[in-house]
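# Results of the structural survey
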Amino acid sequence: MRIDVISAVVKILEAPLNESILKRAQDKGLAEIVLHNLRDYATDRYRHVDDKPFGGGAGMVLKPEPLFSCLDKLLGERSYDEVIYLTPQGAKFNQKKANTLSLKKNLLFICGHYKGIDQRVIDKYVTKEISIGDYVITGGEAAAIVVIDSVVRLLPGVLGDSESALTDSFQTDSGFDAPVYTRPAEIDGMKVPEVLLGGNHKDIAAWRLEQGKKKYSRVKRKKL
Ligand code: ADE
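A few points on the structure. (Residues numbered from 1 in each chain as written. Predicted model: local features only at pLDDT ≥ 70, side-chain atom pairs only at ≥ 80, totals over all residues. Heavy atoms only, no water.)

Take the overall build of the protein next. From N to C terminus, the protein includes eight helices and ten strands. Taking the principal axes of the C-alpha coordinates as reference, the protein spans close to 70 × 40 × 30 Å. A buried classification covers 42% of the 224 residues belonging to the protein. Counting only contacts in the protein whose residues sit at least 6 apart along the sequence, the fraction spanning at least 24 positions is 74%. (Helix = DSSP H or I, 4+ residues; strand = E, 2+ residues; numbered from the N terminus. Buried < 20%, exposed > 50% of the residue type's maximum accessible area, 1.4 Å probe, protein only. Contact = heavy atoms within 4.5 Å.)

Below you can see the structure in the form of structure tokens.
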């Protein structure tokens, strides 16, 4: 899979993309993730990428010209399955959407910053607006990392068998993952549940399913 990300603050993206599973996926050649610094596409002498909103109001808006220019270049090089704009006004992201995106070949993400991006960029290029939740963060970069991480870990070969994404919370009918424990078997008088120490895989699977369901109804206040 190839993933392109357009941002005015690429530094925010660099560290998380170069650690852990996301790094491993790129090193193995399973995901190619390319960052594009919006400032490289600025048209004025001072490399401005934002401007005041027409009609007044707080915050700055990412200007259309640098985004048009960057998007035209990328769209001229390959076709994208989705051009995704990260915004709190988008459709709420979830595991099902991650699963769907993981089947695509080329994805292009646009990170807004400040107050957002000029609406004409959305009208002309964007195929999906995605929100990671009903709260506002400073820019789309952290949201892009959330979406990219959840998608890339699903690509075949990215996770080893022992880390299989199929047992992740939301992938099974248990809703949530069961609690996990490691050694020691007892600390400060708190013991690891007996069933996990017994080695009976059927009992362990049944216990995990039950625990996942219990936690799900406790947190979500509804039954699976
Ligand atoms: N940018 C700012 N807040 C966001 C959110 N909740 N989801 C996606 N992008 C955002």
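Now that the structure has been shown, we can carry on.
Further remarks concern the environment of Glu163. Relative to the helices and strands, Glu163 is located in the loop between helix H6 (140–152) and strand E9 (186–187). When the C-alpha atoms of Glu163 and Arg153 are compared, they prove to be 9.7 Å apart, with ten residues separating the residues in sequence. Sequence-distant contacts of Glu163, defined by excluding residues within four places in its chain, comprise Ile21 and Arg24.

How two aromatic rings sit relative to each other is set out by the distance from centre to centre and by the angle between their planes. In total, this model carries three aromatic pairs according to the counting rule given. With centroids separated by 5.2 Å and ring planes inclined at 80 degrees, the aromatic side chains of Phe68 and Tyr125 adopt a geometry described as edge-to-face. Taken together, the residues span a long stretch of sequence, with Phe68 in helix H3 (residues 64–77) and Tyr125 in helix H5 (residues 119–125) at a distance of 57 residues. Overall, the relative accessible area of 23% leaves Phe68 in the partly exposed class. Consider the rings of Phe170 and Phe176, whose centres lie 5.6 Å apart with planes at 90 degrees: the pair is edge-to-face. What makes Phe176 buried here is its relative accessible area of 12%. Feature note: the residues Phe170, Phe176 and Tyr216 constitute an aromatic cluster, connected by ring pairs. (Phe/Tyr/Trp six-rings, centres within 6.5 Å; stacked < 30°, edge-to-face > 60°.)

As a further point, take the site of the ligand. Residues in close proximity to the ligand include Leu86, Thr87, Pro88, Ile130, Ser131, Ile132, Gly133, Tyr135, Val136, Ile137, Gly139 and Ala143, which together make up its full environment. Contacts to the ligand include Gly133, whose backbone N or O atom sits 3.1 Å from a nitrogen atom. The contact in question runs from a nitrogen atom of the ligand to an N or O atom on the backbone of Tyr135, over 2.8 Å. Alone, the ligand offers 260 Å² of accessible surface; in the complex the protein occludes 96% of this. According to the grid-proximity analysis, the pocket containing the ligand is the largest pocket. Of all the elements in the fold, those that place two or more residues in the shell around the ligand are strand E5 (82–92) and strand E8 (128–131). (Near = heavy atom within 4 Å. Polar contact = N/O pair within 3.5 Å; in protein donor to acceptor, adjacent residues only side chain to side chain. Areas by Shrake-Rupley, 256 points an atom, 1.4 Å probe, with all protein chains shown as cover. 1 Å grid on protein atoms, 1.4 Å probe; cavity = no way out; pocket = protein on both sides within 12 Å on 5 of 7 lines; lining within 4 Å. Sits in = over half its atoms within 2 Å of the grid points.)

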